[in-house]
Amino acid sequence: MNRPKQDLLGIEPLTKAEIIAILDRADALYATDNAKSDAMAGKTVINLFMEPSTRTRTSFEIAAKRLSADVVNVSESFSSSKKGETLLDTAKNLDAMKPSAIVLRHASAGAPQMLSSAVRARVINAGDGSHEHPTQALLDCGTMRRHAGKIEGLVVTIVGDVMHSRVARSNLFALSKLGATVRVAGPRSLLPPGIEALGAEVFDRVEPAMEGADVVMVLRLQQERMNGGYVPSLRDYSRFFGINARNVRAAKHDAIVMHPGPINRGVELSSDVADGARSVILEQVAYGVSVRMAVLEMLAG
Ligand code: ASP
């Protein structure tokens, strides 16, 4: 099938103006407390989640329901992929039931792209392997903008397993387009070679990377995407790269701390910081519903 349609496959293909339009709409929805509308009444959204998810799947479901869409959730453990059906066959069969949008999470990078050319429904990427997680980056940027009033000129330090993180990649694309300075810090084994080409400044140590930062974004070690050997032990990782009340002081006095979740408390982030005054982690989650409403409404409403 070769007709033009609008999907959200990643942040990389979006323009700055498109990102800002989504954030503006999300802000407006957030201001109404994500009030229920009939923007998607009579339409169906299928959440096809082939990898575990708590926040993203629930957030898409609540967002679609606030827009009055009917929502169907399909997860890997209950799908016919367990019987050997290919992703493409699964998607084409779901598409035959005429959903307006398919929200896909998959362990393989590029899976949403593949679906996009095969189905009639709009395809929204809810995380594909280590590639992209566009709605996470949008909600992260929106949260930063709500706090700082702007993104341009902000210094954003991303700490942790950048190599396997689709959140880091999507944020790098979004933040560079929006004019922020992005720093990444972590063990060399977890920083992808050539990341400077994506516009990031690379640091081997946490404290220098935090100096003057407006935002500290902490990432989880993506152990499900590692075959071991990336860090000597979780204790060592935590000692050198864990964010805690002591090292976070190197950031600006009003810097915010973000995490996409799920948090491994005591590994990449200490509980006192995760639950402390700088943390905007639950605000990210709340704003995430607004972002997903904005995306669904703009693409499939
Ligand atoms: N929830 C985010 C993701 O799906 C981050 C993580 O899992 O660490 O990529």
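Residues numbered from 1 in each chain as written. Predicted model: local features only at pLDDT ≥ 70, side-chain atom pairs only at ≥ 80, totals over all residues. Heavy atoms only, no water.

(A) Main features of the overall build of the protein chain. Helix and strand content of the protein chain: 10 helices and nine strands. Over its C-alpha trace the protein chain gives a radius of gyration of 19 Å, about what one expects of a compact globule, namely 19 Å for 301 residues. Each principal axis of the C-alpha atoms in the protein chain carries an extent, and together these give about 55 × 45 × 35 Å. Across the 301 residues that make up the protein chain, the buried fraction comes to 53%. Across the protein chain, the fraction of contacts at a sequence separation of at least 24, relative to all contacts at a separation of at least 6, is 77%. Accessible surface, the protein chain: about 12,900 Å² in total, of which carbon and sulfur atoms supply 51%. One finds the centroid of the 36 positive side-chain charges in the protein chain at a distance of 2 Å from the centroid of its 33 negative side-chain charges. (Helix = DSSP H or I, 4+ residues; strand = E, 2+ residues; numbered from the N terminus. Rg over C-alpha atoms; globule rule 2.2 N^0.38 Å. Buried < 20%, exposed > 50% of the residue type's maximum accessible area, 1.4 Å probe, protein only. Contact = heavy atoms within 4.5 Å. Areas by Shrake-Rupley, 256 points an atom, 1.4 Å probe, with all protein chains shown as cover. Lys, Arg positive; Asp, Glu negative; His and termini not counted. Charge placed at Lys NZ, Arg CZ, Asp CG, Glu CD.)

(B) Layout of the pairing of strand β3 (residues 101–106). Buried residues dominate β3, accounting for six of its six residues. The two faces of β3 match: Ala101, Val103 and Arg105 on one face and Ile102, Leu104 and His106 on the other face are all buried. Note: strand β1 (residues 44–49) against β3, five bridges, orientation parallel. Following the sheet pairing, Phe49 is matched in β3 by Arg105. Considered for its hand, the β-α-β crossover made up of β3, helix α4 (residues 111–116) and strand β4 (residues 122–128) is right-handed. (Pairing = 2+ DSSP bridges. Right-handed = clockwise from strand over helix to strand, strands pointing away.)

(C) Spotlight on the site of the ligand. Taken together, Arg105, His133, Arg166, Val167, Arg220, Gln222, Pro260, Gly261 and Pro262 make up all the residues around the ligand. Between Arg166 and the ligand, the recorded distance is 2.8 Å, taken from a side-chain N or O atom to an oxygen atom. For the ligand, an oxygen atom lies 2.7 Å from a polar atom in the side chain of Arg220. Relative to its free-state accessible area of 260 Å², the ligand is covered by the protein chains to the extent of 92%. (Near = heavy atom within 4 Å. Polar contact = N/O pair within 3.5 Å; in protein donor to acceptor, adjacent residues only side chain to side chain.)

(D) A look at the packing of aromatic side chains. In total, this model carries two aromatic pairs according to the counting rule given. Judged by centre distance (5.4 Å) and plane angle (55°), the rings of Tyr30 and Tyr287 are tilted. You can see Tyr30 sitting in helix α1 (residues 16–31) and its partner Tyr287 sitting in helix α10 (residues 281–300), a full 257 residues away along the chain. (Phe/Tyr/Trp six-rings, centres within 6.5 Å; stacked < 30°, edge-to-face > 60°.)

(E) The side chain of Asp161, seen in detail. Relative to the helices and strands, Asp161 resides in the loop between β5 (155–159) and α6 (166–177). There is no salt bridge for the buried Asp161, and the closest opposite charge comes from Arg225, which lies 7.3 Å off by N-O distance. Sequence-distant contacts of Asp161, that is, excluding residues within four places in its chain, are made with Leu190, Leu219, Arg220, Leu221, Gln222, Met226 and Tyr237. (Salt bridge = Lys/Arg side-chain N within 4 Å of Asp/Glu carboxyl O.)

(F) Just the sheet that holds β1, in detail. Strands sit in the order β2-β1-β3-β4 across an open sheet of four strands; the sheet is parallel. Looking at strand neighbours, the two that pair on one side only are β2 (70–75) and β4, the edges of this open sheet. Across the sheet, the mean angle separating the axes of adjacent strands is 15° when strand polarity is ignored. Sheet strands touched by α10: β1, β3 and β4. Its angle to β4, the strand with the most contacts, is close to 150°. (Axes fitted to C-alpha atoms, helices over the stretch in contact; angles between N-to-C directions.)

(G) Spatial organisation of the nonpolar core. Leu138, Met144, Ile158 and Leu296 are the most contacted members of the largest nonpolar core, which has 59 residues in total. Of all the elements, α10 adds the most residues to this core, at nine residues. Setting aside residues no more than four positions away along its own chain, Leu296 makes contact with Met40, Val45, Phe60, Ala63, Ala64, Leu67, Ala101, Ile124 and Gly301. Membership of the second largest hydrophobic core comes to 23 residues, among which are Leu190, Val218, Phe241 and Ile281. (Core = buried A, V, L, I, M, F, W, Y, C linked by side-chain atoms within 4.5 Å.)

(H) Representation of the sheet that holds strand β9 (residues 256–258) in the model. Taking strand neighbours across the sheet as the criterion, the five strands line up as β7-β6-β5-β8-β9 in an open arrangement whose pairing is parallel. Edge positions in the sheet fall to β7 (200–203) and β9, since each has one partner strand and no second. In this sheet, adjacent strand axes meet at a mean angle of 20° when their direction is disregarded. Packing against the sheet, helix α5 (residues 134–148) makes contact with β5, β8 (215–218) and β9, and its axis sits at approximately 170° to β9.

(I) A look at unusual backbone geometry. A cis amide bond links Gly261 with the next residue in sequence, Pro262, at an omega value of 0°. Counting through the fold element by element, Pro262 comes out in the loop between β9 and α9 (271–274). The phi dihedral of Ser68 falls on the positive side, at around 70°, and the residue is not glycine. Looking at Ser68, the relative accessible area reads 22%, which means it is partly exposed. Unusually for a residue other than glycine, Lys98 sits at a positive phi of about 65°. By secondary structure assignment, the location of Lys98 is in the loop between α3 (87–95) and β3.

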